[in-house]
Amino acid sequence: DAIPSGRLVNSLATLIPGVTTNLQDVGGTDVGFIAPALSIHGSRAGDFRLTVEGLSPASGEGTGQFSAFLPNTSSVQEMVVDSSAAGAEHGQSGLKVDLIPREGGNVFAVTFFGAGAWSGLQSNNATPELRERGLRAPNTLIKSYDINPAFGGPLVRDKLWFFTAGRWNETQSNVGAAVFNLNAGNPDAWVFVPDPAGGKATNGNRFRSVNGRVTWNVDAKDKISVFYDDQTRCSCPWLQPFNAAATIPSAESATPNYGFPMNRFATASWTSPRTNRLLLEAGLAYHTERWHSVRDYEIDMTRIGVFEQSLGLSYRGTAGPLHPACFCLQNYLQSMWNLRGSASYVTGSHALKIGVTDGWANNDRFLGSSNHWGLSYRFNNGVPNLITQTAIPYHTLSKVRSDLGLFAQDKWTIRRLTLNLGVRFDDFNHYFPPQRLGPGPNVPHRDLSFPETPGTNWKDVTPRMNAAYDLFGNGKTAVKASLNKYLAGVSVTVNGGANPVSRLANSVTRSWNDLLHPAGDPRRGNFVPDCDLLSTTANGECGAMSNRNFGNATPSATLDPAIFNGWGSRGYNWEFSTSVQHEVVPRVSIEVGHFRRSYGNLTVTDNLLVAPSDYSPYSVTAPSDPRLPGGGGYVLSGLYDLNPNKVGQVDNYTTFAKHYGKLIDGWSGWDFTVNARPGPGVLLHGGASTGRSITDRCDLVTKLDNPSQLYCRVEGAFLTQLKFLGTYTLPRVDVQVSATVQSIPGLALAANYVVPNALVAPSLGRNLSGGAANVTVNLIEPQSTFGDRVNQLDVRLGKVLRFGRARAVASVDVFNVLNANPVLAENFAYTLWRRPQSILNPRFARLSLQFDF
């Protein structure tokens, strides 16, 4: 309540030193974003967990980190963020956020939060230098409001209480990087022509939540609470590309309506302190959610989407990197149950906790084409060179029988030493119900049926070991260490690749030479593939399909049963930490810590029909460019192209990497934090965090398919971030002053150079296989070059007003006070390299009122 923020999980959790995110929020203007990738100390973003009283409102997508659920903040009593050394009650590492709802009481209470901002309260941070680099315009705020009232009190005094809250949040903004096509609306025009007059494309995000909680004090020892939250969300329209660092948003290819028309979450919990030492707890949650992306009545189904390589731009429809999985309509329905139960026995020097968690879920996902033909095209400088064909429409079905966890942890304090030891048993079991695939535009004769198919059956035992030692026996200096093993995150769609539907060749590419015919032939340059697209072999203008199994019942992927079954087969990571915490003066402490993380049970995929000897080497010379290392002109050697006689031969086998060689994936770093409450109304917290990741697959690449060792070892630079927050209430005048400061590393860059066949052939000794027109090569080593550092200062000034039992705070929040303009997203296509796509939102002020009675 006291600091300037967007009152969202990501905008608050990211203020913790060491936390990284893919979304640099400024004032809550990205409320529609479903999955901020929050991680800490090298953890996977997929291990992030959001819970309510320990119960999950997660979506069925991803590995459990996604959630359409947003906190209805006025109904939240507190937010607990767990960043490291998680106990045995948690299966995953990484960041965990638990929301504790308010439950009401014997006194009626009213709270209200309202905030608003509009374009007149925003500055402009676009500079001539950024415009020279190609920035079209910065994102600008149109309007933003957040209305969040709540009310609670007794239904029956000392017996039955309630608390209810509503939240209505909306933001609208102009997307400055969006480009407009002069040929938009012309079905016969295939080439992108930028509109010099530009235009105004907008993002719109709406969120609505109405919830309630009833608490029944059954007797002196038993309390039961029921909570229900009904939410809807919509990004209408949503103009953010799936990979903002690689694709320019085009107003023509925007998703018109990306939303969650149904998102319902209900919990029931029971607590019972049986004695002053024994506490029993249990909870059950149900979450159902419907999600959709593009819907056919919102788009022109007669338009085939095009991805222009030279611009990194999708237009005419969804195509290429705008959605890496498919250019498709999506709609899914999910339902999930999860429970928790525990018993805690606590004495003065001893605390034992044993418990159980479990979950069941199902997911029904539909994928359909965004045009009548199930096609997508790729052009380079307006010339067609690639066709993507999909086997959609189809459904994929998944069900989780059980996500069982049994845990026990015990804490002892023996003089100066405190030990917290635990162990957890996990049993994850899921399967795929019977499924059927009918015909589609590119598979007109398909009629395939699949019986119920086993998915995953994992069993694991993981230890947790934590210790703290009072160094001098005065309670002021603690030496702490932990060594814990965690399991990889999973969700209802876990191992979707094991689904018999997903193992088919559902998408293929083929080269396309639209200039094959001589001048004067009407087929030359007509932007129509003059070939038989149903044939898997090369014919007419089209090369052979990249996978000859397209559309038929032959799986393109074979999975080693050992990676999905048995004891100890699930992905895991070990987290080690050690730190020293010291009280400098009363209520002021500092902590220095070291963290390491290492991943195991990593997998690789090997095409059994292709060997490293089936590839031919070639090299590429980087262009001369002062922005490239050494000014460019260097040779990238050791690149490989598949021999022509092997094109389309695919039988991918996925197994443990250790069967082929050594694969390293790890992270190490340091934190320095300060936590101070030196006096009433004063809070200071923050610090510095630095770390780097290391991946090494050089031992594998020569034993798998493509033997290229280019960038096979990536040892990232140490990336350092600084984060601080502080609040202070001026006495007598009752004025609150608070601020947050963030200084974080910039975006890791790539330079994707499209090399035409004519430049590759002399080194390769032949043309690129499959009739490929070009190949894309990253000119710079990953994690070696970074964009602008992001420095953000947000400030709040609030006046406290008191009216008897009522209290109000009228505030002005100023976000990005310094009007900084670091580039957050850049175009990775080399022809437009270092062209900004978006910068930090300009400085703007938001007016707010917090009222409590």
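Note that the structure is predicted; figures quoted are calculated from it, not measured.

About the thresholds
For every chain, the first residue of the written sequence is number 1, and numbering continues from 1 onward in sequence order. The predicted origin of the model limits local features to residues at a pLDDT of at least 70 and limits the giving and counting of side-chain atom pairs to 80 or more, whereas totals for whole chains, interfaces and linings rest on all residues. Where side-chain values are given, they derive from all heavy atoms of the structure, hydrogens and water being excluded. To qualify as a helix, a DSSP run of H or I must reach at least 4 residues; to qualify as a strand, a run of E must reach at least 2; elements of each kind are numbered from the N terminus. Throughout this description, a polar contact denotes any pair of N or O atoms lying within 3.5 Å of each other; where both atoms belong to protein, one of them has to be capable of donating a hydrogen while the other can accept it, and for residues adjacent in sequence the pair is counted only when both atoms sit in side chains. We call two residues in contact whenever any of their non-hydrogen atoms come within 4.5 Å of each other. Summary of the burial criterion: residues with accessible area below 20% of their type's maximum are buried, those above 50% are exposed, and those between are partly exposed, where the area comes from a 1.4 Å probe applied to protein chains only. One requirement defines pairing of two strands: DSSP has to find at least two bridges between them. Here, the term disulfide refers to a pair of cysteine sulfur atoms separated by no more than 2.5 Å.

Some points on the side chain of Asp794
Line of reasoning, step 1. Residue placement: Asp794 occurs in strand β41 (residues 790–803).
Line of reasoning, step 2. A polar side-chain atom of Asp794 sits 2.8 Å from the main-chain amide nitrogen of Asn816.
Line of reasoning, step 3. Setting aside residues no more than four positions away along its own chain, Asp794 makes contact with Pro4, Ser738, Ala739, Thr740, Val814, Phe815, Asn816 and Val817.

Structural notes on the pairing of strand β38 (residues 735–744)
Line of reasoning, step 1. The buried fraction of β38 amounts to 7 of the 10 residues, a majority that puts the element mostly inside the structure.
Line of reasoning, step 2. Direction of pairing for strand β37 (residues 719–730) relative to β38: antiparallel, over a ladder of 9 bridges. In the strand pairing of β38, Phe724 is matched with Val741.
Line of reasoning, step 3. Between β37 and β38, which follow one another and run antiparallel, lie 4 residues, and Arg732 among them has a positive phi close to 70 degrees.
Line of reasoning, step 4. Two elements, β38 and β41, share 10 bridges in a ladder whose sense is antiparallel. Along β41, the bridge assignment pairs Thr740 with Asp794.

Concerning the state of the cysteines
Line of reasoning, step 1. A complete count under the given rule lists 2 disulfides for this structure.
Line of reasoning, step 2. Covalent S-S linkage joins Cys531 and Cys542, the inter-sulfur distance amounting to 2.0 Å. Measuring the twist about the S-S bond at about -60 degrees, one finds the Cys531-Cys542 disulfide to be left-handed. A residue pair is termed long-range when its members are at least 10 positions apart, and Cys531 in the loop between β25 (507–511) and β26 (557–559) and Cys542 in the loop between β25 and β26 qualify at 11 residues. Each member of the pair, Cys531 as well as Cys542, carries the same accessibility label: buried.
Line of reasoning, step 3. Here Cys698 engages in a disulfide with Cys712; their sulfurs sit 1.9 Å apart. Every disulfide takes its handedness from the sign of the S-S torsion; for Cys698 and Cys712 that torsion is 90 degrees, giving right-handed.

A look at unusual backbone geometry
Line of reasoning, step 1. Cis geometry marks the peptide bond from Ile392 to Pro393; its omega dihedral reads 15 degrees.
Line of reasoning, step 2. Tracing the chain through its elements places Pro393 in the loop between β18 (383–390) and β19 (394–414).
Line of reasoning, step 3. Its identity as a non-glycine residue notwithstanding, Asp158 has a phi of 65 degrees, on the positive side.
Line of reasoning, step 4. Its location among the elements puts Asp158 in the loop between β7 (140–156) and β8 (160–174).
Line of reasoning, step 5. Phi at Arg587 takes a positive value of approximately 70 degrees, unusual for a residue other than glycine.
Line of reasoning, step 6. Following the sequence through the fold, Arg587 ends up in the loop between β28 (572–585) and β29 (588–600).
Line of reasoning, step 7. Overall, Arg587 belongs to the exposed group, its relative accessible area being 54%.

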